[in-house]
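Tertiary structure, described
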Protein chains: 2
Amino acid sequence: MKPTIYDVAKEAGVSIATVSMVINNTGRISTKTRKKVLKVMDELKYYPSAAASTLTGKSTRTLGLLMPNIANPFYSELARSMEDRADELGYSVIVCSTDYKEEREQKYISLFLRKQVDGFIITSGFNSVDLIKELVDQQIPIILVAYNISKFSLDTVSVDDYTGGYQATAYLAELGHQRIAVITETVQSSVERVRGYRNALQDYQLAYDDELCLETSATVANGAKVTEEFLDLKEPPTAIFAFNDILAIGAMEAVRKRGLSIPEDISIIGFDDTPLASYSNPPLTTMAQPLEDIGYQAIDLIVAEIEGAKRTSQRIMLPAKLVVRKSTGGPLKKTR
Amino acid sequence: MKPTIYDVAKEAGVSIATVSMVINNTGRISTKTRKKVLKVMDELKYYPSAAASTLTGKSTRTLGLLMPNIANPFYSELARSMEDRADELGYSVIVCSTDYKEEREQKYISLFLRKQVDGFIITSGFNSVDLIKELVDQQIPIILVAYNISKFSLDTVSVDDYTGGYQATAYLAELGHQRIAVITETVQSSVERVRGYRNALQDYQLAYDDELCLETSATVANGAKVTEEFLDLKEPPTAIFAFNDILAIGAMEAVRKRGLSIPEDISIIGFDDTPLASYSNPPLTTMAQPLEDIGYQAIDLIVAEIEGAKRTSQRIMLPAKLVVRKSTGGPLKKTR
DNA sequence: CTGAAAGCGCTAACAA
DNA sequence: TTGTTAGCGCTTTCAG
């Protein structure tokens, strides 16, 4: 049988209260007693039951993290950074993949509730907004990551998509590009990025052209397909801004297939800075998501909420960062 | 205050035993009572406390998964498949990244123990073998994934590295390559793969050449560096078998830098089939790790052990699968 | 500085 | 078919 606090107490010749105190570093215990107890705990391989201590009202110091798919690098890196920060703060994180299914969301929320996590971290790709509402109503600490629900005001940490869209476009414009296309996605973040794109265009006195703004979903094939459409235009773009690296890789493929070279003929910029970006050929210039920062901030925020019981509902936006590699350059000059 | 089983019982006008029974689907409860109780539970947003039920001896139906780094695609895909299978079997998985640090391994093992996980899943990259021994001694269900410790006999699920190494080499030999180089890694799995490589060489009557077998660690730069060494040989290889995709990407880079083309001049084959492989240029032929199968089998095995309390110590080996893409072909004929 | 004892929320006999 | 009750292992006053 697993040793309990009683076994330790008996073995050490003290009461269970004393043992409990040395475990939790509470009360005042003589160094001698403490040492003895610690020794016995070690000998018996005693591990205090988290269940029992939870039952007495202690917090579990556990955070529940819900993401659509931990196998997606975007989420897994986020998860990793959260784990690290949580670890530093003495918390642990339970991650579950909801697979974009409400049924699973439901199930895991319930699981977390039963396990009495101290707080919920919910990322983009979570569908059951009603469930979130229920948690909010129950005053359970929640933080939204890379996910905006304007419906209620919650702590939120996300990337500044507007500025990201603006900066990528501005960078291309600075390089001298006049016709800059974007491949957008059917997701929340896209609309902000498009807004940034259009404002940058304006600021650089470039005309916005509907033909240069196409929407698709994130696969290499789609990126290639859309790019071909761009290339077929009478006046094709000299630069393409893809809203994620996958699409950018697709764009590269299409460009290469035409016998055009990157960045000489066409510049391509992605978004996310997944590992893909540095391994592509040529290495992809892209807007890096500050995943690590996002994770850290998210944990800090929710821990603050848990411990301080504060309800400020901050909305933190972290800037994407331009990572210049080899897929972008100035447009080909006629004079060359 | 959070509702307890008492609140539900009172509200439904029954005893807590009845409520407990409907929660667990035990005993015989009239449909009417059951419905009533369920309704109240829903109204009160009652979630049974996992802590309390654990305390009474019920299993937690939770599995502890320890991997070095959840941000690494290899591990995150593994994690995902385990999660899925566990979910199907009514278990949940807690994942923690140990970051290859014994200190963290220690910490998370202890965490899992305190949370009373029903079983441990431990993957390659785990250093504290002594800790594993302790668990084994305590008769705690454990399964090793992609990780062999010959020291004790434990349930193990891993990829068949020997056959993988053999098949990749054989494939290249079939294509007509005579000089096949390998880039190995400083990890456990490499030695089996090398063994497969050498045996395949033998079976195809090809000579083994020390110069064509170089070891390095997994970075693109290293892959490129080693490849350059190969290319500098008086008699360079016509095919390179890299023991992971990252190295293969590096090899591709080096080959391209020499103005050689793939696969016309040099064939390249990787191992793992990470997303990288399909996005590279040309798409990489590689040996796919059957991650999904591994995950499933691992969960099935450990759940069997937990529920059946059996102690058979199976060692399951799953075959890697050749995925032919565009980076391999026959060697250039002189006559062309 | 240490011990005794009252719960925490739930399960599982045992009664009714 | 349902209720009563004794713990499960631990924390936390309150005494000593």
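Rules and cut-offs
- Residues numbered from 1 in each chain as written.
- Chains lettered and ligands numbered in written order.
- Predicted model: local features only at pLDDT ≥ 70, side-chain atom pairs only at ≥ 80, totals over all residues.
- Heavy atoms only, no water.
- Helix = DSSP H or I, 4+ residues; strand = E, 2+ residues; numbered from the N terminus.
- Rg over C-alpha atoms; globule rule 2.2 N^0.38 Å.
- Buried < 20%, exposed > 50% of the residue type's maximum accessible area, 1.4 Å probe, protein only.
- Lys, Arg positive; Asp, Glu negative; His and termini not counted.
- Charge placed at Lys NZ, Arg CZ, Asp CG, Glu CD.
- Near = heavy atom within 4 Å.
- Polar contact = N/O pair within 3.5 Å; in protein donor to acceptor, adjacent residues only side chain to side chain.
- Nonpolar A, V, L, I, M, F, W, Y, C, P; charged D, E, K, R; others polar.
- Contact = heavy atoms within 4.5 Å.
- Buried area = accessible area lost by both parts, 1.4 Å probe.
- Salt bridge = Lys/Arg side-chain N within 4 Å of Asp/Glu carboxyl O.
- Arc of directions from axis to C-beta.
- Least-squares fit on C-alpha atoms with pLDDT ≥ 70 in both.

By the naming in an unreviewed UniProt entry, chain A goes by LacI family DNA-binding transcriptional regulator and is assigned to Ectobacillus funiculus.

Along the backbone of chain A there are 13 helices and 12 strands. Taken over the C-alpha trace, chain A has a radius of gyration of 26 Å; the compact-globule value for 336 residues is 20 Å, which it surpasses by more than 25%. The dimensions of chain A, computed from C-alpha atoms along their principal axes, are 90 × 40 × 30 Å. Classification of the 336 residues of chain A by burial places 53% in the buried group. Across chain A, the mean location of the 38 positive side-chain charges is 8 Å away from that of the 43 negative side-chain charges.

In the vicinity of DNA strand D there are 28 residues, among which A:Ile5, A:Tyr46, B:Ser15, B:Thr18 and B:Thr33 approach most closely. Within 4 Å of the protein, the contacting atoms of DNA strand D are 68% sugar and phosphate, with bases supplying the remainder. For DNA strand D, a phosphate oxygen lies 2.6 Å from a polar atom in the side chain of B:Thr18. Between B:Ser30 and DNA strand D, the recorded distance is 3.0 Å, taken from a backbone N or O atom to a phosphate oxygen. Sorting the residues of the surface near DNA strand D by element identifies helix 1 (5-12), helix 2 (16-24) and helix 4 (50-55) of chain A together with helix 2 (16-24) of chain B as the ones contributing at least two each. A per-class count over the surface near DNA strand D returns 14 nonpolar, 12 polar and 2 charged.

Take the interface of chain B and chain A next. Listed per partner, the contact involves 46 residues of chain B and 46 residues of chain A. Carbon and sulfur atoms supply 54% of the area that chain B and chain A bury against each other, a total of about 4,400 Å² over both sides. Considering only the side of chain B, the residues that lose the most area to chain A are B:Tyr47, B:Arg80 and B:Tyr279, jointly responsible for 16% of the buried surface there. On inspection of chain B and its partner chain A, the count reaches 10 salt bridges. A:Arg80 is the partner of B:Asp99 in a salt bridge, and the nearest nitrogen-oxygen pair spans 3.3 Å.

What follows concerns the pattern of salt bridges. Following the criterion strictly, the structure yields 36 salt bridges over all chains and no others. Across the pair A:Asp300 and A:Arg85 runs a salt bridge whose closest N-O atoms are separated by 2.6 Å. With a gap of 215 residues between them, A:Asp300 in helix 13 (residues 291-308) and A:Arg85 in helix 5 (residues 73-88) connect regions that are remote in the sequence. According to the relative accessible area criterion, A:Asp300 is partly exposed, its value standing at 28%. Residue classification places A:Arg85 among the buried positions, given a relative accessible area of 18%. Notably, a salt bridge pairs A:Asp137 with A:Lys133, separated by 3.2 Å at the nearest N-O pair. Of this pair, A:Asp137 and A:Lys133 both sit in helix 7 (residues 129-137), 4 residues apart, which is roughly one turn of that helix. Among the charged side chains, a network of salt bridges with common partners joins A:Arg80, A:Asp84, A:Asp87, B:Asp99, B:Lys101, B:Arg104 and B:Lys107.

On to the protein's contact with DNA strand C, then. Taken together, 25 residues lie around DNA strand C, and A:Thr18, A:Thr33, B:Ile5, B:Ser20 and B:Tyr46 are the ones closest in. Taken together, the sugar and phosphate atoms account for 72% of what DNA strand C places within 4 Å of the protein. A distance of 2.7 Å separates a phosphate oxygen of DNA strand C from a polar side-chain atom of A:Thr18. A:Ser30 is positioned with one of its backbone polar atoms (N or O) 3.1 Å from a phosphate oxygen of DNA strand C. When contributions to the surface near DNA strand C are tallied by element, the ones reaching two or more residues are helix 2 of chain A together with helix 1 (5-12), helix 2 and helix 4 (50-55) of chain B. With 4 residues, the top contributor of residues to the surface near DNA strand C is helix 2 of chain B. Residue composition of the surface near DNA strand C, by class: 12 nonpolar, 11 polar and 2 charged.

Before going further, it helps to examine helix 7 of chain A. Residue and element names in this part refer to chain A. The complete set of buried residues in helix 7 reads Val129, Leu131, Ile132 and Leu135. Each buried residue of helix 7 lies within a common arc of 155 degrees when the element is viewed along its axis, so the set occupies one face. Turning to helix 7, the residues buried within the fold contact helix 6 (102-114), strand 3 (119-123) and strand 4 (142-145). Two residues or fewer past helix 7, Gln139 is found with a positive phi of approximately 65 degrees.

Between chain B and chain A, the superposition needs a rotation of 180 degrees and an axial shift of 0.0 Å, giving an RMSD of 0.1 Å. Both copies of the chain, as the preceding transformation shows, are related through a two-fold rotation axis. Closest approach to the rotation axis within chain B is made by the C-alpha atom of B:Ala51, at a distance of 2.1 Å. Looking at the interface residues of chain B, 100% of them are also at the interface in chain A, so both copies use one shared face.

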